[in-house]
Amino acid sequence: MVDITSEAVWDAIARENFMVIGMVSARGEARTAGVMHHVHEGRLWFTTNDREWKARHIAANPSVSVTVPIAKRVPFMPWIKVPAATITFCGDAETVPVADLPPDVSRALLHGLEVTDGGERGALVGVGVHPRGDFVTYGVGVSVLGMRDTEQARGRAPAAASAMA
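Residues numbered from 1 in each chain as written. Predicted model: local features only at pLDDT ≥ 70, side-chain atom pairs only at ≥ 80, totals over all residues. Heavy atoms only, no water.

(A) Structural detail: the overall build of the protein chain. The number of helices and strands found in the protein chain is 4 helices and 8 strands. Going from N to C terminus, the protein chain has its helices and strands arranged as α-β-β-β-β-α-β-β-α-β-α-β. By the compact-globule yardstick of 15 Å for 165 residues, the protein chain fits well, its C-alpha radius of gyration being 17 Å. When the backbone C-alpha atoms are referred to their principal axes, the protein chain occupies close to 55 × 35 × 35 Å. For the protein chain, buried positions account for 39% of its 165 residues. Contacts spanning at least 24 positions in sequence make up 72% of the contacts within the protein chain whose residues lie at least 6 apart. For the protein chain, the computed accessible surface area is about 9200 Å², with 54% contributed by carbon and sulfur atoms. When the 16 positive and 18 negative side-chain charges of the protein chain are each reduced to one mean point, those points stand 8 Å apart. (Helix = DSSP H or I, 4+ residues; strand = E, 2+ residues; numbered from the N terminus. Rg over C-alpha atoms; globule rule 2.2 N^0.38 Å. Buried < 20%, exposed > 50% of the residue type's maximum accessible area, 1.4 Å probe, protein only. Contact = heavy atoms within 4.5 Å. Areas by Shrake-Rupley, 256 points an atom, 1.4 Å probe, with all protein chains shown as cover. Lys, Arg positive; Asp, Glu negative; His and termini not counted. Charge placed at Lys NZ, Arg CZ, Asp CG, Glu CD.)

(B) Examining the pairing of strand S7 (residues 124-138) more closely. Judged from the 6 bridges that link them, strand S4 (residues 43-49) and S7 form a sheet pairing that is antiparallel. Within S7, the residue paired with tryptophan 45 across the bridge is glycine 128. Summarising the sheet, strand S6 (residues 85-97) and S7 pair through 11 bridges and their orientation is antiparallel. What sits directly across from valine 96, in S7, is glycine 126. The pairing of S7 with strand S8 (residues 154-158) spans 5 bridges and is antiparallel. The residue bridging phenylalanine 135 from the neighbouring strand is alanine 157, located in S8. (Pairing = 2+ DSSP bridges.)

(C) View of the pairing of strand S1 (residues 18-24). Two strands pair when backbone bridges link them, and S1 and strand S2 (residues 30-36) are joined in this way by 7 bridges, in the antiparallel orientation. Pairing of methionine 19 across the sheet is with valine 35, part of S2. What sits between the antiparallel neighbours S1 and S2 is a turn of 5 residues, in which glycine 28 has the positive phi angle 85°. Looking at chain direction, S1 and strand S5 (residues 63-70) are connected through 3 bridges and run antiparallel. Bridge assignment links isoleucine 21 to a residue of S5, and that residue is valine 66.

Printed below as a string of structure tokens:
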């Protein structure tokens with residue numbers, strides 16, 4: 001098992017901008033969605049419309065799972081297919097109006113987009129995911145060749161809050 005710290009996992013998550021969030025619908029059906037994220041003060045943030053199924057599922061059950069894929073490549077041989085490294089964890093999601101997003105998160109996710117109330121079309125909301133338990137990693141902090149040994153490529157670190165602002 002690779003020796004990895006919580007801070008190293010947070011750094012790896014912050015370098016990426018895409019994650020897959022898993023939810024359970026009100027009918028008990030599993031669902032996933034790919035979203036762009038931003039890390040801020042121990043949470044992963046993304047935006048969605050309050051009428052989208054992501055927002056409805058999270059409102060019904062805020063317990064979520066997250067997987068952050070991290071592309072791996074063989075230097076000088078990009079045609080060789082290599083599985084992505086991954087960081088997986090469970091967490092609690094909270095939906096907030098975009099006006100209540102931390103300024104850093106708003107800048108990163110909205111890129112200066114002027115947001116209106118939405119009216120009939122719904123309103124844009126922010127979703128903050130606070131990790132709990134452990135980060136479970138595969139291939140993080142390991143070379144591409146090291147990923148061939150599944151025992152050595154796995155890692156685990158407490159999902160402690162990040163010191164990153």
